[in-house]
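Observations on chain architecture
The lines below spell out each chain.
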Amino acid sequence: MAETAGPAGEPTAAPAAEPTAEPAGERTIAPDQHLAWILARIPRLAPAEVPLRDAHGLILAADVAAPHALPLWDNSAMDGYAVRAADLAAAAPGVLDPPVSLRVVGEVAAGSPDDPELPPGTAVRIMTGAPIPSAADTVVPVEHTRGEEPGDPWGRDTVEILRAPVRGANVRVRGEDVAANSILARAGDPLGARRLAALAAAGVSSARVRARPRVAVIATGSELRGPGEPLTRGQIPESNSLLLAALLAEHGIVAESVTVSADDAAAFRARLAALAPTVDVIITTGGVGPGRHDIARIALESEPDVRAVRVAVRPGQPQCAGALRGGAWIFALPGNPVSAAVSFELFVVPALRHVQGAHELERPRLAATAELGWRGVAGRLQVLPVRIATEAGQLRCRPAVDPRGVSHAVGGHGGADGYALVGAERGDVAPGERVDVILVGT
Ligand SMILES: Nc1nc2c(c(=O)[nH]1)N[C@H]1C(S)=C(S)[C@@H](COP(=O)(O)OP(=O)(O)OC[C@H]3O[C@@H](n4cnc5c(N)ncnc54)[C@H](O)[C@@H]3O)O[C@H]1N2
Ligand code: MOO
């Protein structure tokens, strides 16, 4: 039998068991089915043309062709001398003994439009990034030359070439990186720093992108108190609103509003009605269980296009999702903090990417070796917060929380930098086995 582990990998006393009751009449659906249901319904946001400087983190809504080649023209990769290789052809590439003396007939710096003549037996001083004179084909770095004056590496009227480069050396050829009019990025690609720079370098100044979703967060629960507020029996510090606002920020979204409300179904309904026309997505936590005060589920019962489900995932089983009549899409996530975080990762992240038109909806799954074994969850996808380490370039993981009591373990979850995904059919994980992980700690 697999060794089971607590947060630090030590066996622990059993925590309060995870609830397993199935409320009568509610269907349990696979996580993939729940996500597919959402993705089939949640609308994509409208595209708009945006200057590149405002486009970081947005998703392209159309392919982008390079207006011009990269490099834009043949240019020098080194500070040195533009030469004709034929002038140095007496010797094979390598040390020139004796050195070849060339007359210096000009200089081009980066940004210079000059195209100096280069008669046979001459050289032009050239700086990195400057266009290669039309008559030259090779650049000799200044380190491989000698000027007239000791102490000055640069020749004034003549230069001695000490080493012969191969023809074409140190020339960055027009179009060798990107051909003019070729597709540089595709609809659905995210505009990260590298892609933005590529577009800018190729002469693109604006891009057609999908808008960032406007998102509101509501944490519900009469037991919740704000930061620093005194706590009486039964009350706890509220943490889900900070969690969700920060998770959104990790995905480039600044929440439009973040509020905490008591368990009051009428007030919750009124808050949704006020928000729905002003935002694209509302994320709530708490009140989705079968409890008498589970006001999110109760308030959403009157919404025809919102459905309450139990997802075959642990943690994160009870959820509501759908389109509100007032306009916005709602994700009503469970109140347990780890359940909320896992639900955000499994369902909200792909949905937020989808509405922005991304083609990659989920984070990549990487294989890691389980340092310790742990119990699986029969018939459900187990999403276990783990600590990730690398050893000899290989990923290793160990539980960050006690696998027997994950959904409320907000403390151990704080030290997790990944989620291990153990399929519903797999069962227990033995020490040394490979499991899929997604990296979430940024
Ligand atoms: N009889 C049953 N009880 C429960 C079931 C069930 O199937 N039958 N399911 C359990 C599971 S699984 C989950 S998950 C939770 C879902 O609960 P709710 O969404 O109704 O969440 P709450 O009851 O409001 O809160 C649960 C837990 O989390 C704490 N919490 C809530 N919000 C916050 C917040 N913003 N910051 C910090 N902590 C928060 C809250 O105090 C509770 O301890 O239901 C189980 N019960
Ligand atoms: O398992 Mo709940 O579904 O504790 O999050």
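Residues numbered from 1 in each chain as written. Chains lettered and ligands numbered in written order. Predicted model: local features only at pLDDT ≥ 70, side-chain atom pairs only at ≥ 80, totals over all residues.

Within an unreviewed UniProt entry, the label attached to the protein reads Molybdopterin molybdenumtransferase, and the organism entered is Leucobacter chromiireducens subsp. solipictus. Its UniProt record gives the protein a comment under Sequence similarities (unreviewed entry), which states: "Belongs to the MoeA family." Check the Function (unreviewed entry) section of the UniProt entry for the protein; it says "Catalyzes the insertion of molybdate into adenylated molybdopterin with the concomitant release of AMP." (UniProt positions renumbered as here; feature names shortened; annotations may be inferred.)

A few words now on the overall build of the protein. Each helix and strand in the protein was counted, giving seven helices and 27 strands. Computed over the C-alpha atoms, the radius of gyration of the protein is 31 Å, more than 25% above the 22 Å expected from 2.2 N^0.38 for a compact globule of 442 residues. Across its three principal directions, the C-alpha atoms of the protein cover 95 × 55 × 45 Å. Buried positions account for 40% of the 442 residues belonging to the protein. Within the protein, contacts between residues at least 6 apart in sequence are counted, and of these 71% link residues at least 24 apart. (Helix = DSSP H or I, 4+ residues; strand = E, 2+ residues; numbered from the N terminus. Rg over C-alpha atoms; globule rule 2.2 N^0.38 Å. Buried ≥ 20, exposed ≤ 12 C-beta atoms within 10 Å, placed from the backbone. Contact = placed C-beta atoms within 7 Å.)

Another point: the packing of helix H1 (residues 31-41) against helix H6 (residues 337-355). Direction vectors running N to C along H1 and H6 enclose 30 degrees, while the axes themselves pass 10 Å from each other. Classed by the angle they form, the pair H1 and H6 counts as roughly parallel. Handedness of the H1/H6 crossing: right-handed. Two secondary-structure elements touch here, H1 through Pro-31, His-34, Leu-35, Ile-38 and Leu-39 and H6 through Leu-346, Phe-347, Pro-350, Ala-351 and His-354. Considered class by class, the residues forming the contact of H1 with H6 number eight nonpolar, two polar and no charged. (Axes fitted to C-alpha atoms, helices over the stretch in contact; angles between N-to-C directions. Parallel < 35°, antiparallel > 145°, perpendicular 65-115°, else oblique. Left-handed = near helix turned anticlockwise from the far one by under 90°. Nonpolar A, V, L, I, M, F, W, Y, C, P; charged D, E, K, R; others polar.)

This paragraph deals with the pairing of strand S23 (residues 366-370). When S23 meets strand S27 (residues 434-439), the two strands line up antiparallel, connected through four bridges. Paired with Leu-366 across the strands is Val-437, a residue of S27. Judged from the two bridges that link them, S23 and strand S25 (residues 394-399) form a sheet pairing that is parallel. Residue pairing for S25: Ala-370 is matched across the bridge by Cys-397. (Pairing = 2+ DSSP bridges.)

Let us now look at the environment of Gly-357. For Gly-357, the position within the fold is in the loop between H6 and S23. You can call Gly-357 buried: it has 21 C-beta atoms within 10 Å. Those residues in contact with Gly-357 that sit more than four places away from it in its chain are Arg-44, Ile-59, Ala-61, Ala-187, Gly-188 and Arg-210.

In the vicinity of ligand 2 there are ten residues, among which Pro-315, Gly-316, Gln-317, Ser-339 and Ser-407 approach most closely. Across the shell around ligand 2, the residue classes break down as three nonpolar, five polar and two charged. (Near = placed C-beta within 6 Å.)

Below, the discussion takes up the sheet that holds strand S17 (residues 257-261). The strand order across the open sheet formed by seven strands is S1-S19-S21-S22-S18-S14-S17, and the pairing between neighbours is mixed. If you trace the sheet from one side to the other, it starts and ends with strand S1 (28-29) and S17, each paired once. Bridge analysis of strand S18 (residues 281-285) against strand S22 (residues 329-333) gives five bridges, and the strand direction is parallel. The residue of S22 that forms the bridge with Thr-285 is Leu-333. In the packing of H1 onto the sheet, contacts are made with S1, strand S19 (306-311) and strand S21 (318-323), and the angle to S19 comes to roughly 160 degrees.

This part covers H6. Here H6 contains 19 residues, and its C-alpha end-to-end distance of 25 Å stays within 8% of the 27 Å for a straight helix at 1.5 Å per residue. Helix geometry: H6 is bent most strongly at Phe-344, by close to 40 degrees. Buried residues dominate H6, accounting for 17 of its 19 residues. (Expected span 1.5 Å × (residues − 1). Bend = angle between axes of the 7 residues up to and from the residue.)

Attention shifts here to the nonpolar core. Core analysis: the largest hydrophobic core is formed by 71 residues, its most contacted members being Ile-282, Ile-283, Cys-320, Ile-330, Phe-331 and Val-386. In this structure Ile-330 touches Ile-282, Thr-284, Val-306, Cys-320, Ala-321, Gly-322 and Leu-324, once residues within four positions along its chain are discounted. Counting 22 residues, the second largest nonpolar core, distinct from the first, contains Ala-130, Val-139, Val-159 and Ala-169. (Core = buried A, V, L, I, M, F, W, Y, C linked by C-beta atoms within 7 Å.)

Taken together, 29 residues are adjacent to ligand 1, and Asn-240, Gly-286, Gly-289, Pro-334 and Gly-335 come closest. Across the shell around ligand 1, the residue classes tally to twelve nonpolar, 14 polar and three charged.

A few words on the sheet that holds strand S8 (residues 138-141). Sheet architecture is open: six strands sit in the order S8-S5-S7-S6-S10-S9, paired in mixed fashion. Two strands close off the open sheet at either side, each with one partner strand: S8 and strand S9 (145-146). The pairing of strand S6 (residues 94-108) with strand S10 (residues 158-164) spans six bridges and is classified as antiparallel. Considered in S10, the bridge of Ser-101 is made with Glu-160.

Within the element layout of this structure, Leu-231 appears in the loop between strand S15 (224-225) and strand S16 (236-237). Between the alpha carbons of Leu-231 and Leu-366 there is a distance of 42 Å; along the sequence they are 135 residues apart.

What follows covers unusual backbone geometry. Cis rather than trans, the peptide bond between Leu-70 and Pro-71 has omega equal to -15 degrees. Mapped onto the elements, Pro-71 comes out in the loop between strand S3 (64-65) and strand S4 (75-76). Note that the residue after Arg-314, namely Pro-315, is joined by a cis bond; omega there is 0 degrees. Following the sequence through the fold, Pro-315 ends up in the loop between strand S20 (313-314) and S21. Residue Asn-181 is not a glycine yet carries a positive backbone phi of 70 degrees. Considering the arrangement of structural elements, one finds Asn-181 in the loop between strand S11 (171-172) and strand S12 (183-185). Notably, Ala-392 is not glycine yet its phi reads approximately 50 degrees, a positive angle. Residue classification places Ala-392 among the exposed positions, given that 5 C-beta atoms sit within 10 Å.

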